[in-house]
Amino acid sequence: MSDSNKDQFKRELGLLDGTMLVVGSMIGSGIFIVSSDIARQVGSAGWLTLIWLISGLITMIAAVSYGELSSMFPKAGGQYVYLREAYGKLIAFLYGWSFFAVIQTGTIAAVGVGFSKFAAYLFPSMSDENILFEIGEFKLNAAQIVSIITIVFLTYLNSRGVKKSKMMQTILTIIKILSLFGLIIFGFLLAAKAEIWNANWSDMWATKSFVKDSSSWLPISGVALISGISAAMVGSLFSSDAWVGVTFIAAEIKNPKRNVGLSLFLGTFIVTIIYVLTNLMYLAVIPFDEIATAKSDRVAVVASQYIFGDIGTYIIAIMIMISTFACNNGLIMAGARVYYTMANDGLFFKKAAKLNVSSVPAWALWAQCIWASALCLTGKYGDLLDFVIIIVLIFYILTIYGIFILRKNRPNIERPYKAFGYPFLPMFYIIVASAISVALLFTKTSTCGWGVLIMLIGIPIYYVSKPK
């Protein structure tokens, strides 16, 4: 592809659009659900809040570190480009391979199914219990069909140009932010009770694990505590992920050397504040045991019922439908730009390197759509998310270490923005994320091991498929 063709992306996204993409892609259904599992793993209000705080802080450290890389390489492909520049094509390909095979497509599938599950509150026929077709072990349910329809629709919308999808992304994300702040404010004003708050914080650092079989709490320490914290952080880190998407569309952002890094900081900061305040609201409204034992982990539904009564279930269902819809729009928009850049490097299907008349990589969008839809049909999206986190963390660690490599190997390249707190904060992130990764490999070997294996399968694929 000629350079003139490569530059067909239109810079139509401003700072607000970039920030809303970060926020919209990060906030899916996690904040409405995963606090229940975290509560069961660590057993106290202090640890529940600390898990969310740590996840938010290390996410913000990673985001502001990526600001340096985004200002150096303000191109489509984002993290893939940073890895290629720091390590070469093999490591970049392993990221792109994992990204297409599991990370982005698996997340799109899971978010799509999250949308349909809560849509079933309003329209029961959309439930995953509504089996439409069955042959042998395979069962096709209504929730899977609904999730595929939403993915296809959003892919179509994105294939029509970035202007249409960015407008919807910004509007839905602003609604999402206002809805969450509304839930927090109404929670504290209408349903918070001093006795519940005091009881929840009375033994704030006690570490215990909930045993479902006996519906009782078991004190934990040592290895069991490390295992519990690691398992708890999977949910909060997933809920804080996908912020990197704005780097993938850098070629479509106005003044990217400034606005990509600023979008990363503002987006992750806003989400961290929302997540911590939401959990403090849960702790003011719901007894801790009810947080841990919420039906299907839908802790936000319990909170909303305390706040609004029976209608609260429908309020949360609508909020999550808006939230997951905007989340998937951001994921779908951003993901295709990685395959586009890989294709330009000869590491993905050639057709993915072409932009359509609307200046977007439509072929890459539809390839992503087909595979994400197929993952919806497997019914294994929960497992996918469980072992995706290890791959995500490994590449975040490698990318941030790439800052150190590029400072040494390419000291003269223009750096309009430099990583905040360098070298201490980037190294702090690398140490913390590495510790979490090692703990996950030891405590969740069966799922995280599969994640690493999927990544490593990319090595022979690279050598077979790379341009001669």
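See the structure printed just above.
The notes below deal with the structure included here.

Definitions and cut-offs
Residues numbered from 1 in each chain as written. Predicted model: local features only at pLDDT ≥ 70, side-chain atom pairs only at ≥ 80, totals over all residues. Heavy atoms only, no water. Helix = DSSP H or I, 4+ residues; strand = E, 2+ residues; numbered from the N terminus. Expected span 1.5 Å × (residues − 1). Buried < 20%, exposed > 50% of the residue type's maximum accessible area, 1.4 Å probe, protein only. Salt bridge = Lys/Arg side-chain N within 4 Å of Asp/Glu carboxyl O. Axes fitted to C-alpha atoms, helices over the stretch in contact; angles between N-to-C directions. Left-handed = near helix turned anticlockwise from the far one by under 90°. Contact = heavy atoms within 4.5 Å. Nonpolar A, V, L, I, M, F, W, Y, C, P; charged D, E, K, R; others polar. Polar contact = N/O pair within 3.5 Å; in protein donor to acceptor, adjacent residues only side chain to side chain. Phe/Tyr/Trp six-rings, centres within 6.5 Å; stacked < 30°, edge-to-face > 60°. Core = buried A, V, L, I, M, F, W, Y, C linked by side-chain atoms within 4.5 Å. Patch = residues over 30% accessible without salt bridge, like charges linked within 9 Å, V, L, I, M, F, W, Y side chains within 5 Å. Areas by Shrake-Rupley, 256 points an atom, 1.4 Å probe, with all protein chains shown as cover.

Look at helix α5 (residues 45-72): 42 Å from first C-alpha to last across 28 residues, which is about the 40 Å you get at 1.5 Å a residue. Counting buried residues along α5, 24 of its 28 residues qualify, which places the element largely inside the surrounding structure.

Within this structure, the stated rule accounts for eleven salt bridges. For the salt bridge of Asp37 with Arg40, the shortest nitrogen-to-oxygen distance reads 3.4 Å. Remark: Arg40 and Asp37 occur in helix α4 (residues 35-42); sequence separation between them is three residues, near one turn of the helix. One salt bridge in this structure joins Glu85 and Arg84, with 3.2 Å as the shortest N-O distance. Taking the relative accessible area as the measure of exposure, Arg84 reaches 17% and is therefore buried. A cluster of three or more residues bridged by salt bridges with shared partners is formed by Arg84, Glu85, Asp345 and Arg410.

The N-to-C vectors of helix α9 (residues 162-191) and helix α16 (residues 312-344) enclose an angle of 145°; their axes lie 9 Å apart at closest approach. Every pair of crossing elements has a handedness; the one defined by α9 and α16 is left-handed. Along its contact with α9, which presents Val162, Ser165, Lys166, Met168, Gln169, Leu172, Thr173, Ile175, Lys176, Ser179, Leu180 and Leu183, the element α16 presents Ile316, Met319, Ile322, Ser323, Phe325, Ala326, Cys327, Asn329, Gly330, Met333 and Arg337. Split into classes, the residues belonging to the contact of α9 with α16 amount to 13 nonpolar, seven polar and three charged.

Okay, the side chain of Thr105 next. Inspection of the secondary structure assignment puts Thr105 in helix α7 (residues 89-122). Engagement of the side chain of Thr105 in a polar contact is seen with the backbone oxygen of Ala101, the distance being 3.5 Å. Apart from the residues within four sequence positions on either side, Thr105 is in contact with Phe99, Phe100, Tyr339, Gln368, Trp371, Ala372 and Leu375.

Let us look at the packing of aromatic side chains. Inspection of the entire model under this criterion finds 28 aromatic pairs. Centre to centre, the rings of Tyr95 and Phe99 are 5.5 Å apart; their planes meet at 40°, and the pair counts as tilted. Residue Tyr95 and its partner Phe99 are both found in helix α7; the two are separated by four residues, about one turn of the helix. Side by side, Tyr95 and Phe99 carry an identical accessibility label, which is buried.

As for its position among the elements, Trp52 is in helix α5. Since its relative accessible area comes to 2%, Trp52 is described here as buried. C-alpha separation for the pair Trp52 and Ser239, spaced 187 residues apart in sequence, amounts to 9.5 Å. Separated by 3.3 Å, the side chains of Trp52 and Ser35 make a polar contact.

Take the nonpolar core next. Formed by 147 residues in total, the largest nonpolar core has its most connected members in Phe32, Trp243 and Tyr429. For Trp243, the residues in contact, after removing those within four places along its chain, are Val22, Met26, Thr59, Ala62, Ala63, Tyr66, Leu264, Thr268 and Tyr396. In this structure, Ala76, Ala251, Tyr340 and Leu355 belong to the second largest nonpolar core, which totals five residues.

Turning our attention to the packing of helix α2 (residues 15-26) against α16. Angle between the axes and distance between the axes: these two values describe a pair of packed helices. Two elements in contact, α2 and α16, have axes whose closest approach is 7 Å; the angle formed by their N-to-C orientations is 115°. The handedness of the crossing between α2 and α16 comes out as left-handed. Residue-level inspection shows Leu21, Gly24 and Ser25 of α2 in contact with α16, the latter providing Ala326, Cys327, Gly330, Leu331 and Met333. Tallied by class, residues from the contact of α2 with α16 come to five nonpolar, three polar and no charged.

So, about a nonpolar patch on the surface. A contiguous nonpolar patch, built from Leu132, Phe133, Ile135, Phe138 and Leu377 and spanning about 450 Å² of accessible area, is present on the exposed surface. Take the nonpolar patch: its biggest share by element is three residues, from strand β1 (residues 131-135). When you line up the elements, Leu377 lands in helix α17 (residues 362-378). What makes Leu377 partly exposed here is its relative accessible area of 31%.

Purely spatial values, then, with no claim about function.
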